[in-house]
Amino acid sequence: MAVVEAAEEFAKHVTSEEMTAQLERDMTAIAEGEATLDEVTDESREMLAKVFEELEDSREDIGEYLQESLKADKTLGPCPECGEDMLVRRSRQGSYFVGCDGFPECRNTLPLPSTGSPQVLDEVCADHDMKHVKMLAGRDTFVHGCPRCEAEKAEASEDEIIGPCPDCHEPDGGELAIKHLRSGSRLVGCTRYPDCDYSLPLPRNGDIEVTDEYCEEHDLPELVVDPDSDDPWELGCPICNYEEYRARNAVEDLEDLNGIGSATAEKLEAAGIDSLDALREADPDRVAAAVQGVTAGKVRDWQEQLEA
Ligand SMILES: [Zn+2]
Ligand SMILES: [Zn+2]
Ligand SMILES: [Zn+2]
Ligand SMILES: [Zn+2]
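Keep in mind that this is a model prediction, so the values were computed, not measured. (Residues numbered from 1 in each chain as written. Chains lettered and ligands numbered in written order. Predicted model: local features only at pLDDT ≥ 70, side-chain atom pairs only at ≥ 80, totals over all residues. Heavy atoms only, no water.)

A.B. asks: Where do I start with the environment of Met27 in this structure?
C.D. replies: Note on placement: Met27 falls in helix H3 (residues 17-31). Given the relative accessible area of 48%, Met27 is considered partly exposed. (Helix = DSSP H or I, 4+ residues; strand = E, 2+ residues; numbered from the N terminus. Buried < 20%, exposed > 50% of the residue type's maximum accessible area, 1.4 Å probe, protein only.)

A.B. asks: In this structure, what is going on with the packing of aromatic side chains? I would like to understand it.
C.D. replies: A ring pair, where both rings are aromatic, is described by two values, the distance of the centres and the angle of the planes. With the rule as written, the count across this model stands at two aromatic pairs. With centroids separated by 6.2 Å and ring planes inclined at 15°, the aromatic side chains of Tyr242 and Tyr245 adopt a geometry described as stacked. Of this pair, Tyr242 and Tyr245 both sit in helix H8 (residues 238-248), three residues apart, roughly one helical turn. Residue class for Tyr242 comes out partly exposed when judged on its relative accessible area of 26%. (Phe/Tyr/Trp six-rings, centres within 6.5 Å; stacked < 30°, edge-to-face > 60°.)

A.B. asks: Before we go on, may I ask you to explain the domain arrangement of the protein in this structure?
C.D. replies: For the protein, the domain assignment lists domain 1 (2-57), domain 2 (76-154), domain 3 (157-248) and domain 4 (254-307). For domain 1 versus domain 4, the separation of C-alpha centres amounts to 49 Å. (Domains from an automatic or database assignment.)

A.B. asks: Is there a simple way to explain the side chain of Asn108 in this structure?
C.D. replies: By the secondary structure assignment, Asn108 is in the loop between strand S3 (96-100) and strand S4 (109-111). Overall, Asn108 belongs to the buried group, its relative accessible area being 13%. Here Asn108 is in contact with Cys79, Pro80, Glu81, Met86, Val98, Gly99 and Cys100, once residues within four sequence places are set aside. (Contact = heavy atoms within 4.5 Å.)

A.B. asks: Sorry, what's going on with the sheet that holds strand S13 (residues 220-225) here?
C.D. replies: The pairing of strands in a sheet comes from backbone hydrogen bonds and takes either a parallel or an antiparallel form. Pairing within the open sheet is antiparallel, and its three strands lie in the order S12-S13-S14. Lying at the two open borders of the sheet, with one neighbouring strand each, are strand S12 (208-215) and strand S14 (233-236). The average angle at which neighbouring strand axes cross in this sheet is 30°, direction not considered. Bridge count between S13 and S14: three bridges; the pairing is antiparallel. Its bridge partner lying in S14, Val225 is registered against Trp233. (Pairing = 2+ DSSP bridges. Axes fitted to C-alpha atoms, helices over the stretch in contact; angles between N-to-C directions.)

Here it is as structure tokens:
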């Protein structure tokens, strides 16, 4: 939208319907023998030259306009520490966060969820004058809300201890607790973090009830998500739940990987990639050269899935 607006503002010719109408008239004239192809193309070239001149002359204005619009798309609101804009940024590792435009003088930041890419919404948090954020992640898309509210909620919440940490209870006494992270997500993690980084994922939304039923194997209570809803989810023991999840999603052959169907699997096998181990060890460029329709990037993507 910003591109169209900038063109309307600084290079009127490109967006005017008069230009298209003129070309239509000229083409009709050729069809009816009233003009020649050469005449019309000469005229079109002249028109286009004018358009480029206009664009060329306003290049700085257009650039500035686009830059402002891009920044507006990423701006959440004023930094509580210095008053500059808080912007959606991306770390070198590729994760998103909210950082201050006053960097490096101001190092104020707020975390964002690790799932999806952020979109700044028009809705503004009344407490913090900060726009809400939505995380776009296909079917897992969700509204994160005001990043300051989410961070403050997590800081105010207490860890709820549920049982012994399987990695370090003996001998260090680590315990597992339900924790709320400043990025808005939750997990079951060890109280000795960062000395012990044992953790299990929890769903982002829904109340979590810790029941009196215990898993004998892990000495942990069974959890229920959204106990008061019409459709509560009996998650059970968080360790058993995670182990079942991993078993369900285990990668056993080539076709378990995202992006490999039976046809691709056959082509890979024909090229000597007949097992997960063979794929793990393969040189992506060599596979891409040998298998039609497979790029080196795809091979690297599959190898990453195998590592995960
Ligand atoms: Zn700041
Ligand atoms: Zn807020
Ligand atoms: Zn631990
Ligand atoms: Zn269990």
